[in-house]
Amino acid sequence: DAKTTQPPSMDCAEGRAANLPCNHSTISGNEYVYWYRQIHSQGPQYIIHGLKNNETNEMASLIITEDRKSSTLILPHATLRDTAVYYCIVRAGGAGAQKLVFGQGTRLTINP
Amino acid sequence: DAGITQSPRHKVTETGTPVTLRCHQTENHRYMYWYRQDPGHGLRLIHYSYGVKDTDKGEVSDGYSVSRSKTEDFLLTLESATSSQTSVYFCAISEASSYEQYFGPGTRLTVT
């Protein structure tokens, strides 16, 4: 699975959009971009994933560049409960893709 | 939230004693996983199951065994606990190997 690079920490004001970048320059054609977050002492929570098109769900939006070498997770109106470590994971699709490889992630702090 | 429970949530045990952790799901998902999370290592896959009685090793399987006699239950056993197995253990489930995984609340295990 391709390696990802994320900033170690970010701050965002409550009510503003939080934009979390991820670099995955070695991604290959069959690899998806997944985002998870982990709120302190809880299990990781799935947020969203995509292959090459932008995706949106009730939690967030995922913007993937045309060359697929980077992506941005957008939390449109951040709240204090969004304070967490956010993980960008690149993972192959298809049978046998069991393991999720969690890196160090980005520690996002939402400030009042 | 996905219907995943883990028991016990906290356990303290002595070196050399056997320990069994239980993961229970109500989603009827085929795949179940056990991860451990340690500072500086992120989440690492211990074992996973792709069906009743079907299991396979992950990247850190030494010292652990698993069993799955029913779709809804996946047990992780430490035959003889060691201090290096002090960790937070997370169970996860997914419908298929390449699909998103949903995590349980975790079990904090301390081996003294």
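Residues numbered from 1 in each chain as written. Chains lettered and ligands numbered in written order. Predicted model: local features only at pLDDT ≥ 70, side-chain atom pairs only at ≥ 80, totals over all residues. Heavy atoms only, no water.

Notes on the sheet that holds strand E6 (residues 61-64) of chain A
Residue and element names in this part refer to chain A.
- Sheet architecture is open: four strands sit in the order E2-E7-E6-E5, paired in antiparallel fashion. A single partner strand is all that each edge strand has here, and the edge strands are strand E2 (18-23) and strand E5 (55-56).
- Where E2 lies against strand E7 (residues 70-75), six bridges are found, and the strand directions are antiparallel. From the neighbouring strand, Ala 18 faces E7, where its bridge partner is Leu 75. (Pairing = 2+ DSSP bridges. Helix = DSSP H or I, 4+ residues; strand = E, 2+ residues; numbered from the N terminus.)

Digging into the interface of chain B and chain A
- Counting residues at the interface gives 19 residues for chain B and 21 residues for chain A.
- Both faces combined, the contact of chain B with chain A buries some 1500 Å², and carbon together with sulfur accounts for 51% of it.
- Linking chain B with chain A are zero salt bridges, by the criterion used here.
- One can count four residue pairs in polar contact (both at pLDDT 80 or more) joining chain B with chain A.
- For the side of chain B that touches chain A, the elements supplying multiple residues, two or more each, are strand E4 (31-38), strand E5 (42-51) and strand E10 (102-103) of chain B.
- The dominant element in the side of chain B that touches chain A, judged by the number of residues it contributes, is E5(B), at four residues.
- Within the side of chain B that touches chain A, the residues separate by chemical class into 10 nonpolar, seven polar and two charged. (Contact = heavy atoms within 4.5 Å. Buried area = accessible area lost by both parts, 1.4 Å probe. Salt bridge = Lys/Arg side-chain N within 4 Å of Asp/Glu carboxyl O. Polar contact = N/O pair within 3.5 Å; in protein donor to acceptor, adjacent residues only side chain to side chain. Nonpolar A, V, L, I, M, F, W, Y, C, P; charged D, E, K, R; others polar.)

Considering the pairing of E6(A)
All names here are of chain A.
- Bridge analysis of E5 against E6 gives two bridges, and the strand direction is antiparallel. Bridging from a neighbouring strand, Glu 55 pairs with Leu 62 of E6.
- Hairpin connection between E5 and E6: a loop of four residues separates the two successive antiparallel strands.
- In this structure, E6 lies alongside E7, joined through four bridges in antiparallel fashion. Directly across from Leu 62, in E7, lies its bridge partner Leu 73.
- Linking E6 to E7, which pair antiparallel, is a turn of five residues; within it Arg 68 sits at a positive phi near 65°.

Thoughts on the state of the cysteines
All names here are of chain A.
- Going through the model one piece at a time under the given rule, you end up with two disulfides over all chains.
- A sulfur-sulfur separation of 2.1 Å characterises the disulfide bridge that pairs Cys 22 with Cys 88. Linking Cys 22 and Cys 88, the disulfide has an S-S dihedral of approximately -80° and is accordingly described as left-handed. Of this pair, Cys 22 sits in strand E2 while Cys 88 is found in strand E8 (residues 84-92), placing the two residues 66 residues apart along the sequence.
- Judged by its relative accessible area of 3%, Cys 22 is buried. (Disulfide = S-S within 2.5 Å. Buried < 20%, exposed > 50% of the residue type's maximum accessible area, 1.4 Å probe, protein only.)

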